[in-house]
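These are the residues of each chain, in order.
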Amino acid sequence: MTVDAPVTNDATSGTDHLLVVDDVRTHFRTSRGLVRAVDGVSFTLDGGRTLGIVGESGSGKTVLSRSIMGLLPKRHTETPTGQVLFKGNDLRAAPRKELQRIWGCDVAVVFQDPMTSLNPVMKIGKQMTESMRHHLHISQSEANVRAVELLRSVDINEPDRRLEQYPHQLSGGMRQRVTIAMALGCSPELLIADEPTTALDVTVQAQILDLLQAQQRQRNMAMIIVTHDLGVVAGRTDEIMVMYAGQVVEKAPTRELFTRVRMPYTEALLQSIPRIEDNVDTRLKVIPGRPPDLTSPPKGCRFAPRCSYTQTKCLEEPPPLVSEGDHQYRCWFPIGTSLEVDPPTRRDGALAPGVVATAGTVTTGGAD
Amino acid sequence: MAGTGDAHLRNGDADVLLKVSDLVMEFPVGEGRKVHAVSGISFDLIRGETLGLVGESGSGKSTTGRAVMQLPSPTSGSVMFEGRELTELSNDEMRRMRPRVQMIFQDPVSSLNPRRRVSDIVAEPLRVLKGRKGVSADKVAEVLDAVGLDVNKVGERRPHEFSGGQCQRISIARSLVLDPELLICDEPVSALDVSVQAQILNLLKDAKERYGLTMVFIAHDLGVVKNISNRVAVMYLGKLCEVGEAGALYNSPAHPYTAALLESVPVPDPDIRPAEREVLTTEIPSPMSPPSGCRFRTRCPHAAEICATEEPQLRAVGPDQFVACHFPLQPVPVSVS
């Protein structure tokens, strides 16, 4: 095992990657102090690959995706540090004009709530063609033809009629299809889908995810899916990155992550999903408590106050991101390794705010 | 499917707390047209049972939950609660009945008044029912404790200071403060993260145990419903497709719609290629002009001629499993128990 992330090392020579995110930190100034929403995240993404970013609310996954796009308000945001290289250009240092050229064209986003990302008083056709005309310099009639094709490609029936409709005339699933069609308008090389299905029914969720996957393959786009549900990204991504309290806590190729979970947080997330195959009335394993306040994250491992394997060391020293091949994790006592904590010293399910029992002794930490 | 019938109702000697028969809910939308939100469904709840009500948006599950509460009263049909016909009660009588049936809503943040303190929010039902003197600080502290919150820490704070999961805890506490017998949960975890969802599900189970509640649990996610329900009813476009004991319904779904819903649940297993599963490819039709016969036929892979002309009735396919389908996915036993 080697300490420290390999991504950091090849960031400088990373021009062959489509996207290089290197030690990105996004901090917000608030009345309560500095909120470290994203605290040193690095990863790379190649063309045509898919990455799932998973975490609870407040883990920084959405702020990360907005940091990549440069979509954060200047006010209250600390001067950004770290690099976001898209095809070798640093987006964090790019002038606004340059970003406007990239937004919606090379990099496109699909947001969670289609009702708020569509303009309610503008016809679908107008909304769809606006960015195409701007970026591709085509006429309104050419753009209309393209919009009809796009709507057809996202399985919307009667596309000609839809162009004349307003968002409220469409169902939730249909609206999300429209936002996907809009995002695909200028053939982006990278599509960021931020909780694209959280507001939708399971049946529609399955349809939208299948659609995103099909489009991603057809167009050979790179895609980032941000979600809180590991079930959503399980069969649909090449790699998964789990975030907690602004940091990457585990990252691995999808199959590797599910078969060899190392980080207790990932394990806990998996266990909290209700399974169809479980018996009725199975008590779910929960992660007790809540993610930490990001103005003053815990001193040691940020997950330690909620972890069922916590040891004294976890409360005192922050674990580094360790690499084992292409599997990275941030834990002193990773599961499934020789360092794993023995079952008798675990405190399954119990929320012990700062009080941690370790092999006969009880120590008190200042967490939560 | 999408049938009517009452084969699934339990007989007289069971301790039935709630019995809904032939519930119809229609909303006029002008020009003589109507939204057929619920079209003649029947179900019953035995004391201490949890019934999961599942279906997509537009299936009428929330409308059903609200109709039980008389919010508003159903267009026709009967809602019997402890032997009393709720649809015939006067406003005043219904008002006195309400404490016994409480509801939790999907969006925890918008169901709490942002300008009031948590202890006032939770005490509000007591004050409405019994007046200012009826407010018992002990009771408020007790229900907050039941949902894992400490009144000394949260009582003086306001909803915006809490996360979505905590707001849902507060609304659960508020619904428990009147000691209801029936709790209707309308998608209580759909807006929450998986980790918080698990906490709330366990919490509802504990509350059920502690207060001896009977519950209707409305959701669109079958995984969540199975975890908490004894019995499950699957709804589609205002009709029942399948009703049964949760284990049986999940192990061998008899209705093609139930099977399709099960297929749509995201599975945290990379070996299951989602794109290869058989999922519904179209969307639910408009409830303004539902299909004739079986309402699911327009999306059903097994639809035949009879499905368009004849509406299937609920019939038994197992000891406690009933389906409304002309071509159920498993053979119907010759003798019905």
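A quick note: this is a predicted structure, and the numbers were derived from the prediction, not measured.

If you had to explain the pattern of salt bridges to someone new, which residues and values would you point to?
Residues and elements named next belong to chain B. Counted according to the given criterion, the structure contains 41 salt bridges over all chains. Two residues, Glu-142 and Lys-139, come together in a salt bridge whose shortest N-O distance is 3.6 Å. Here Glu-142 and its partner Lys-139 are both found in helix H4 (residues 137-146), three residues apart, which amounts to about one turn of the helix. Here the salt bridges do not stand alone but share partners, grouping Arg-10, Asp-44, Glu-49, Arg-231 and Asp-320 into one network.

Tell me about the nonpolar core, residues and numbers included.
Formed by 102 residues in total, the largest nonpolar core has its most connected members in A:Leu19, A:Phe43, A:Leu190, A:Ile224 and A:Leu230. The residues contacting A:Leu19, other than those within four sequence positions of it, are A:Phe43, A:Thr44, A:Leu45, A:Ile68, A:Val84, A:Leu85, A:Phe86, A:Leu190 and A:Ile224. Core analysis: the next-biggest nonpolar cluster, separate from the first, contains 62 residues, B:Val177, B:Val224, B:Ile228 and B:Tyr250 among them.

Any details on unusual backbone geometry? Residues and values, ideally.
Residue and element names in this part refer to chain B. Between Leu-71 and Pro-72 the backbone carries a cis peptide bond, its omega angle lying at -5°. One non-glycine residue, Gln-70, adopts positive backbone phi at about 65°. Tracing the backbone shows Gln-70 in the loop between helix H1 (61-68) and strand S4 (76-81). Relative accessible area serves as the criterion here: at 8%, Gln-70 is assigned to the buried category.

Give a description of the side chain of B:Ser42 that names residues and reports values.
Residue and element names in this part refer to chain B. Along the chain, the position of Ser-42 falls in strand S2 (residues 34-46). For Ser-42, the side chain forms a polar contact with the main-chain nitrogen of Asp-22, separated by 3.0 Å. Apart from the residues within four sequence positions on either side, Ser-42 is in contact with Gly-5, His-8, Leu-9, Val-20, Ser-21, Asp-22 and Leu-240.

Which residues make up the packing of aromatic side chains, and what values go with them?
Residues and elements named next belong to chain B. Tallied over the full model, the rule gives six aromatic pairs over all chains. Ring geometry for Tyr-236 versus Phe-296: centroids 5.0 Å apart, planes at 85°, classification edge-to-face. Of this pair, Tyr-236 sits in strand S9 (residues 231-236) while Phe-296 is found in the loop between helix H10 (256-264) and helix H11 (305-309), placing the two residues 60 residues apart along the sequence. Phe-296 carries the same exposure label as Tyr-236, and that label is buried.

So what about the sheet that holds strand S2 (residues 19-30) of chain A? Which residues, and what values?
Residues and elements named next belong to chain A. The antiparallel open sheet is built from four strands, whose spatial order is S3-S2-S5-S6. The open sheet has two edge strands with one neighbour each: strand S3 (33-45) and strand S6 (89-90). Relative to S6, strand S5 (residues 81-86) runs antiparallel, the two being bridged by two bridges. Among the inter-strand pairings, Leu-85 is bridged to a residue of S6, identified as Asp-90.

Give a description of the packing of helix H3 (residues 118-130) of chain B against H4(B) that names residues and reports values.
Residues and elements named next belong to chain B. Running from N to C, H3 and H4 point in directions that differ by 110°, and their axes come no closer than 10 Å. Comparing the axis directions of H3 and H4 gives the class roughly perpendicular. In this structure, the crossing between H3 and H4 has a hand that is right-handed. Each of Val-118, Ser-119, Val-122, Ala-123 and Leu-126 in H3 lies in contact with H4, whose residues at this interface are Lys-139, Val-140, Val-143 and Leu-144. Split by residue class, the contact of H3 with H4 holds seven nonpolar, one polar and one charged.

Describe the interface of chain B and chain A, naming the residues involved and giving the relevant values.
Accessible area lost when the parts come together is the quantity often used to give the size of an interface. Listed per partner, the contact involves 48 residues of chain B and 50 residues of chain A. Inspection of the region where chain B meets chain A yields one salt bridge. As a salt-bridge pair, B:Asp206 and A:Arg283 come within 3.0 Å of each other at their nearest N and O atoms. On the surface where chain B and chain A come into contact, there are 15 residue pairs in polar contact (both at pLDDT 80 or more). Of all elements in the fold, only helix H7 (194-211), helix H8 (222-228), helix H9 (246-251) and H10 of chain B reach the threshold of two or more residues within the side of chain B that touches chain A. For the side of chain B that touches chain A, the element with the most residues is H7(B), which contributes nine residues. Residues of the side of chain B that touches chain A, tallied by class, amount to 21 nonpolar, 15 polar and twelve charged.

Please give an account of the sheet that holds S2(B) that cites residues and values.
All names here are of chain B. Taken in spatial order, the four strands line up as S2-S1-S4-S5 in an open sheet, and their pairing is antiparallel. Strands at the two margins of the open sheet, each flanked by one partner only, are S2 and strand S5 (84-85). Where strand S1 (residues 16-28) meets S2, ten bridges bridge the pair, whose relative direction is antiparallel. Of the residues in S2, the one forming a bridge with Lys-19 is Asp-44.

Please set out the side chain of B:Thr64 residue by residue, giving values where relevant.
Inspection of the secondary structure puts B:Thr64 in helix H1. Apart from the residues lying within four places of it in its own chain, the contact partners of B:Thr64 are B:Leu23, B:Val38, B:Ile41, B:Phe43, B:Leu53 and B:Met235.

Describe H7(B), listing the residues and the values that go with them.
All names here are of chain B. Between its terminal C-alpha atoms H7 stretches 26 Å, which fits the 26 Å expected from 18 residues at 1.5 Å a residue. Of all 18 residues that make up H7, 15 are buried, and the element is covered over most of its length. Phi for Gly-212, located one or two positions after H7, is positive at around 60°.

Any details on the environment of A:Ile102? Residues and values, ideally.
Residues and elements named next belong to chain A. Looking at the element boundaries, Ile-102 is found in helix H3 (residues 96-102). With a relative accessible area of 3%, Ile-102 lands in the buried category. Taking the C-alpha atoms as reference, Ile-102 lies 9.6 Å from Phe-86; in sequence the two are 16 residues apart. Those residues within four positions of Ile-102 in sequence are excluded, and the remaining contacts are Leu-91 and Val-107.

Residue-level account of the packing of helix H5 (residues 124-136) of chain A against helix H6 (residues 140-153) of chain A, with values.
Angle between the axes and distance between the axes: these two values describe a pair of packed helices. Residue and element names in this part refer to chain A. Following both chains from N to C, one finds H5 and H6 inclined at 125°, their axes separated by 9 Å at the closest point. The pairing of H5 with H6 is recorded here as oblique in orientation. At the point where H5 passes H6, the crossing takes the right-handed sense. For the pair formed by H5 and H6, the contact residues are Met-128, Thr-129, Met-132, Arg-133 and Leu-136 on the first element and Gln-140, Ala-143, Asn-144, Arg-146, Ala-147, Leu-150 and Leu-151 on the second. Class assignment of the residues belonging to the contact of H5 with H6 gives a composition of seven nonpolar, three polar and two charged.

Rules and cut-offs
- Residues numbered from 1 in each chain as written.
- Chains lettered and ligands numbered in written order.
- Predicted model: local features only at pLDDT ≥ 70, side-chain atom pairs only at ≥ 80, totals over all residues.
- Heavy atoms only, no water.
- Salt bridge = Lys/Arg side-chain N within 4 Å of Asp/Glu carboxyl O.
- Helix = DSSP H or I, 4+ residues; strand = E, 2+ residues; numbered from the N terminus.
- Core = buried A, V, L, I, M, F, W, Y, C linked by side-chain atoms within 4.5 Å.
- Buried < 20%, exposed > 50% of the residue type's maximum accessible area, 1.4 Å probe, protein only.
- Contact = heavy atoms within 4.5 Å.
- Polar contact = N/O pair within 3.5 Å; in protein donor to acceptor, adjacent residues only side chain to side chain.
- Phe/Tyr/Trp six-rings, centres within 6.5 Å; stacked < 30°, edge-to-face > 60°.
- Pairing = 2+ DSSP bridges.
- Axes fitted to C-alpha atoms, helices over the stretch in contact; angles between N-to-C directions.
- Parallel < 35°, antiparallel > 145°, perpendicular 65-115°, else oblique.
- Left-handed = near helix turned anticlockwise from the far one by under 90°.
- Nonpolar A, V, L, I, M, F, W, Y, C, P; charged D, E, K, R; others polar.
- Expected span 1.5 Å × (residues − 1).

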